[in-house]
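# Residue-level structural notes
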Amino acid sequence: MSGSLRGAAVSLLAALLLQLALFPLPAAAAAGDLIADVVVPDAYPSNIAPSVAFDGTHLYYVGYGGPVLHRIDVPAPGGPTPATGHVETPIVGASGIMTLAYDAGRDAFWAVGNDGAAIYLLTKTGAATLVFTVDPADRPDFQTGVFATEVKIAYDRSDDTIWYSPDATTRIYHYHTTPDALGTAQLVAGTPYIHVGLPGNDMAAQCGYSQSSGIATMSVVR
């Protein structure tokens, strides 16, 4: 896999993170404009991308269900440029991590295991602690398929909850960060899920279909 293709996976999300967190939006920039392109030194399968998280200082990423937490410096605008400050930290306590979401209050990452069901709190030193698992009752009308374990996750600090999105499905589930008495996920009673296939949330007119393949939350600090 070429360096430019390896970097493209990271640069896409890095562009969004950098645009929101670090750089004022240029007057001529528009939604979807590339802000930074960074080439990472790790090879991944060409058909999938790593998961990226930003803690305000560094970018962190994992490979597809990978056992290593990577950290790099925030790249300069433009590019492509080689990643700097690359640090590899083995993950202990989980066989692999699929996706990350940074929690600033805990200074750690909420992470989905490579089975798509285990939810961990992952420290920057690579220690993964299982917080809860997601069982069938926690995913009403879950759509199984080839991407069932490729789950995206986002942390919502406004109410200390987690949004959980299996790839290429129509439901984004909403969980508390604490388990139930059985150690499994607790759906948020008022908003247990978002259905992106229903009017108001559907994207068929714009995309030709309605499926979630990635999620993020955004909090405004005043």
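Being a predicted model, the structure only gives us computed values, none of them experimental.

Here the focus is the pattern of salt bridges. Scanning the model with the defined rule gives five salt bridges in all. Linking Asp103 and Arg106 is a salt bridge whose minimum nitrogen-to-oxygen distance equals 2.5 Å. Residue Asp103 is classed as buried on the basis of its relative accessible area of 2%. Salt-bridge contacts for Asp107 lead to Lys124; the nearest nitrogen and oxygen are separated by 2.8 Å.

Our focus in this paragraph is the sheet that holds strand β8 (residues 108–113). With respect to topology, four strands assemble into an open sheet ordered β7-β8-β9-β10, the strand pairing being antiparallel. This sheet does not close on itself; its edge strands, each paired only once, are β7 (97–103) and β10 (128–133). On average, each strand axis in the sheet is inclined to that of its neighbour by 30 degrees, with strand direction left out of account. Of the pairings in the sheet, the one linking β8 to strand β9 (residues 118–122) comprises four bridges and is antiparallel in character. Its bridge partner lying in β9, Phe109 is registered against Leu122.

For the rest of this paragraph, the subject is unusual backbone geometry. Cis geometry marks the peptide bond from Gly79 to Pro80; its omega dihedral reads 10 degrees. Tracing the chain through its elements places Pro80 in strand β5 (residues 78–82). A positive phi angle is found at Asp107, which is not glycine, with a value near 50 degrees. With respect to the helices, strands and loops of the structure, Asp107 is situated in the loop between β7 and β8. Judged by its relative accessible area of 39%, Asp107 is partly exposed. At Asp160, a residue that is not glycine, the phi angle is positive and equals roughly 55 degrees. Mapped onto the elements, Asp160 comes out in the loop between β11 (151–156) and β12 (161–166).

With 67% of its residues at a pLDDT of 70 or more, the chain shows a mean pLDDT of 78. For the stretch residues 1–27, pLDDT sits under 50, and the model shows 48 contacts to residues farther than four places along the chain or on other chains.

Procedures and definitions
- Residues numbered from 1 in each chain as written.
- Predicted model: local features only at pLDDT ≥ 70, side-chain atom pairs only at ≥ 80, totals over all residues.
- Heavy atoms only, no water.
- Salt bridge = Lys/Arg side-chain N within 4 Å of Asp/Glu carboxyl O.
- Buried < 20%, exposed > 50% of the residue type's maximum accessible area, 1.4 Å probe, protein only.
- Pairing = 2+ DSSP bridges.
- Helix = DSSP H or I, 4+ residues; strand = E, 2+ residues; numbered from the N terminus.
- Axes fitted to C-alpha atoms, helices over the stretch in contact; angles between N-to-C directions.
- pLDDT = per-residue confidence, 0-100.
- Contact = heavy atoms within 4.5 Å.

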